[in-house]
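This is what each chain is made of:
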Amino acid sequence: MTASANIARAQSYLDRFRTDGVLNHINGQAVPAASGKTFEIISPVDLQPLAQVARGDAADIDAAARAAQAAFATWAAMPGADRRKILHRIADGIEARAEEIAFVECMDTGQALRFMSKAALRGAENFRFFADKATEARDGQSLRAPGQINVTSRAPLGPVGIITPWNTPFMLSTWKIAPALAAGCTVVHKPAEFSPLSARLLVEIAEEAGLPKGVWNLVNGLGEEAGRALTEHPLIRAIGFVGESRTGSMIMAQGAKTLKRVHFELGGKNPVIVFADADLDRAVDAAVFMIYSLNGERCTSSSRLLVQDKVYAEFTAKVAARARAIKVGHPLDPQTEVGPLIHPVHEAKVLSYFDIGRADGATVAAGGAKYDGPGGGCYVQPTLFTDARNDMRIAQEEIFGPVLTAIPFTDEAEALAIANDTPYGLAAYLWTQDVTRAFRFSDAVQAGMVWVNSENNRHLPAPFGGTKDSGIGRDGGDWSFDFYMETKNICFATEPHSIPKLGR
Ligand code: NAD
């Protein structure tokens, strides 16, 4: 389809939000905020209003948490096979509405359709994967010792809070909520205030698929209001959070009084390390893809490019040429590779780093300015800085845009020192043909996830998460259940062991 046909279809999907606003969803009911307050969201494409959104606060969170608590016992007791069926039906519903989800997400976030159409399907895949694990969620181990057998089992924690960011909200919401539901938890979801539309579609799809009322509740609102109230609510047993590192730190403090269990997927400043012996053409493809896809608004983006000095000039020249040729445009244009950034506030942050990088002495090898795109929204040029050092702010701070900082290194020891010299530790990408070095380096690099001769290829049973300021805990496979469930150990005596006789 052409861009103009896509835009017309997107408008038809957005009309309902313009007319009805974006409501909360509590105990199976679409409801406005109890206070009646709303806030306005705009499209990053043209900065025009998209909808009025319910501005939930502590009262709405309280109602949602009580609904989640009331629904918990029945949902937790439902056989895993029955939860499995419902979660597969949610995946069916996502697939049936994939175009609507993708188009709404593009207009709400500015992400390009070529990536968002896959994000909707990946959301369905998340539900199917955890649906199929629902039957084994409660399983445990049998641990024998002389005179005893220990049997472990897992039980769902209770109502949990899920707080998500604005960059790829649909995919991330499914990634966090599907395992919680499969485990038998009930959910209160607080999506990001910049891009709340697809979360509304998701909860509707879930209830149309037969999810009982109150199992999944949605409260929109600001971080300091609804978000904060969710992290402080005594009925909420855990918070699964995806967002900035400093917000994670605030959530930990807010949740301290009620001893919240937390799981944090936070920011990154991920290195891609290219040795001279690598397949350089594939490494160029991967480095370009991992920073400029999803507008660079991606926690696992490879925002630091470390290249061995022998091939640095040649390699960065190729990346610069590709960055200059990237098609920036309307998110619904099928040709678009980079769309507008989420919001003028974020655009201003990203643009400020162009001045910071120059002032610190780096060279702009591509981009480095705003881009005049269709609709006049938050477009910036895909940018490459060369001649950079790792102590520059453009190498230390998460810019969260299509901005890459290239730094040369001479040998493996220096590459490792630079790679690890950051407060973050989410992902690292390594390019070399030397298998021994690949083992040695990936073992020593401080990151929760390392991809060797690969871009970010996900395998859902594998663990996902970061070290240092990039997070606490792992998602994926059984790791997700460890977070959403409590492990119980039951010890049976198998023979009459001697019991110390006190007070005889
Ligand atoms: P953010 O931290 O500003 O906001 C995330 C969510 O937290 C929003 O819903 C917001 O309303 C809420 N929030 C804000 N203050 C809060 C408070 N005091 N209490 C409770 N909730 C609060 O993040 P963002 O700007 O929306 O998203 C971008 C960030 O997310 C980047 O740092 C990015 O790296 C990170 N991210 C990480 C991953 C990962 O898996 N590691 C994935 C995607 C994004």
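Residues numbered from 1 in each chain as written. Predicted model: local features only at pLDDT ≥ 70, side-chain atom pairs only at ≥ 80, totals over all residues. Heavy atoms only, no water.

Where helix α3 (residues 80-96) meets helix α6 (residues 169-183), the axes come as close as 10 Å, and the angle between the chain directions of the two elements is 165 degrees. When the interaxial angle is binned, α3 and α6 end up roughly antiparallel. Handedness of the α3/α6 crossing: right-handed. Together, Arg-83, Leu-87 and Ile-94 of α3 and Phe-170, Thr-174, Ala-178, Leu-181, Ala-182 and Ala-183 of α6 make up the contact between the two elements. (Axes fitted to C-alpha atoms, helices over the stretch in contact; angles between N-to-C directions. Helix = DSSP H or I, 4+ residues; strand = E, 2+ residues; numbered from the N terminus. Parallel < 35°, antiparallel > 145°, perpendicular 65-115°, else oblique. Left-handed = near helix turned anticlockwise from the far one by under 90°. Contact = heavy atoms within 4.5 Å.)

Each α-helix turn comprises 3.6 residues. Residues three or four places apart therefore point the same way. Among the residues making up helix α8 (residues 223-232), those that are buried are Ala-226, Gly-227, Ala-229, Leu-230 and Thr-231. In this structure, the buried side of α8 is in contact with α2 (58-77), β7 (159-163), β8 (186-190), β10 (238-242) and α9 (245-255). (Buried < 20%, exposed > 50% of the residue type's maximum accessible area, 1.4 Å probe, protein only.)

Here the focus is the pattern of salt bridges. Taken as a whole and judged by the stated rule, the model has 33 salt bridges. As a salt-bridge pair, Arg-128 and Asp-92 come within 2.7 Å of each other at their nearest N and O atoms. Of this pair, Arg-128 sits in helix α5 (residues 113-133) while Asp-92 is found in helix α3, placing the two residues 36 residues apart along the sequence. On the basis of relative accessible area, Arg-128 is assigned to the partly exposed category, the value being 23%. Between Arg-97 and Glu-100 there is a salt bridge, with the nearest N and O atoms lying 2.8 Å from each other. Using a relative accessible area of 12% as the deciding quantity, one classes Glu-100 as buried. (Salt bridge = Lys/Arg side-chain N within 4 Å of Asp/Glu carboxyl O.)

The subject of this paragraph is helix α14 (residues 412-420). All of the buried residues in α14 are Glu-412, Ala-415, Ile-418, Ala-419 and Asn-420. Residues of α14 that are buried sit in contact with β12 (271-274), β13 (304-308), β16 (403-409), α15 (435-444) and β20 (467-468).

For the rest of this paragraph, the subject is the site of the ligand. Around the ligand sit 28 residues, and of these Lys-190, Glu-193, Thr-247, Leu-266 and Glu-398 come closest. A distance of 2.8 Å is found between an oxygen atom of the ligand and a side-chain nitrogen or oxygen belonging to Trp-166. With the chains in place, 93% of the 850 Å² that the ligand exposes on its own is no longer accessible. Those elements giving two or more residues to the shell around the ligand turn out to be α8, β10 and α9. Of the residues contributing to the shell around the ligand, the split by class is 14 nonpolar, 8 polar and 6 charged. The residue makeup of the shell around the ligand includes at least three contributed by each of domain 1 (3-266 + 470-488) and domain 2 (271-452). (Near = heavy atom within 4 Å. Polar contact = N/O pair within 3.5 Å; in protein donor to acceptor, adjacent residues only side chain to side chain. Areas by Shrake-Rupley, 256 points an atom, 1.4 Å probe, with all protein chains shown as cover. Nonpolar A, V, L, I, M, F, W, Y, C, P; charged D, E, K, R; others polar. Domains from an automatic or database assignment.)

A word on the sheet that holds β12. Judged by pairing direction, the sheet is mixed, and its 7 strands sit side by side in the order β14-β15-β16-β13-β12-β18-β19 without closing on themselves. Because the sheet does not close on itself, it has two edges, and the strands there are β14 (363-366) and β19 (449-452). Put simply, the sheet's adjacent strands are angled 25 degrees from each other on average, direction ignored. Note that β14 and strand β15 (residues 383-386) share 3 bridges and pair antiparallel. (Pairing = 2+ DSSP bridges.)

What follows deals with the nonpolar core. Note on soluble globular proteins: their nonpolar side chains tend to be buried together. Among the nonpolar cores identified, the biggest contains 111 residues, and Phe-127, Leu-181, Trp-216, Val-274 and Leu-305 are the most heavily contacted of them. Residue contributions to this core reach at least three from each of two domains, namely domain 1 (3-266 + 470-488) and domain 2 (271-452). In this structure, Trp-216 is in contact with His-25, Phe-127, Ile-177, Leu-181, Val-187, His-189, Leu-202, Val-203, Ala-206, Glu-207 and Leu-211, ignoring residues within four places of it in sequence. Leu-306, Phe-385, Ile-418 and Ala-447 belong to the second largest nonpolar core, which has 29 residues in total. (Core = buried A, V, L, I, M, F, W, Y, C linked by side-chain atoms within 4.5 Å.)

Right, let's get into the pairing of β10. With respect to burial, β10 is a largely interior element, 5 of its 5 residues being buried. By the alternation rule, side chains of β10 split into Ala-238, Gly-240 and Val-242 and Ile-239 and Phe-241, which are all buried. Strand direction decides the pairing type here: β7 and β10, joined by 4 bridges, are parallel. Across the sheet, residue Gly-161 finds its bridge partner in β10, namely Ile-239.

Structurally, Val-104 can be placed in helix α4 (residues 98-109). The exposure class assigned to Val-104 is buried, which follows from its relative accessible area of 0%. Counting along the chain gives 309 residues from Val-104 to Ala-413, while the straight-line C-alpha distance between them is 47 Å.

Size of an interface: often given as the accessible area lost when the parts come together. Partitioning the chain into domains gives domain 1 (3-266 + 470-488) and domain 2 (271-452). Opposite the 30 residues of domain 1 that make contact, domain 2 presents 33 residues. Between domain 1 and domain 2, the buried area comes to about 2,600 Å², and carbon and sulfur atoms account for 65% of it. Broken down residue by residue, the surface that domain 1 buries against domain 2 is led by Val-45, Trp-166 and Ser-470, which jointly contribute 22%. In this assembly, domain 1 and domain 2 are joined by 0 salt bridges. Scanning the region where domain 1 abuts domain 2 turns up 11 residue pairs in polar contact (both at pLDDT 80 or more). Secondary-structure elements contributing two or more residues to the side of domain 1 that touches domain 2 are α1 (3-20), α4 and α5. Looking at the side of domain 1 that touches domain 2 element by element, the count peaks at 5 residues for α4. (Buried area = accessible area lost by both parts, 1.4 Å probe.)

Its location among the elements puts Arg-154 in strand β6 (residues 148-156). At 2.9 Å, the side chain of Arg-154 forms a polar contact with the backbone oxygen of Ala-137. Within the local environment of Arg-154, its side chain forms a polar contact with the side chain of Asp-478, the two groups lying 2.9 Å apart. Apart from residues no more than four positions distant in its own chain, Arg-154 is found in contact with Glu-136, Ala-137, Arg-138, Asp-139, Asp-478, Phe-481, Asp-482, Met-485, Glu-486 and Thr-487.

If you walk across this open sheet you meet the 3 strands as β5-β6-β22, and the pairing is antiparallel. Each having just a single partner strand, β5 (142-145) and β22 (485-493) make up the two edges of the open sheet. Taking each pair of neighbouring strands and ignoring which way they run, the sheet shows an average axis angle of 20 degrees. Here β5 runs beside β6; their pairing, made up of 4 bridges, is antiparallel.

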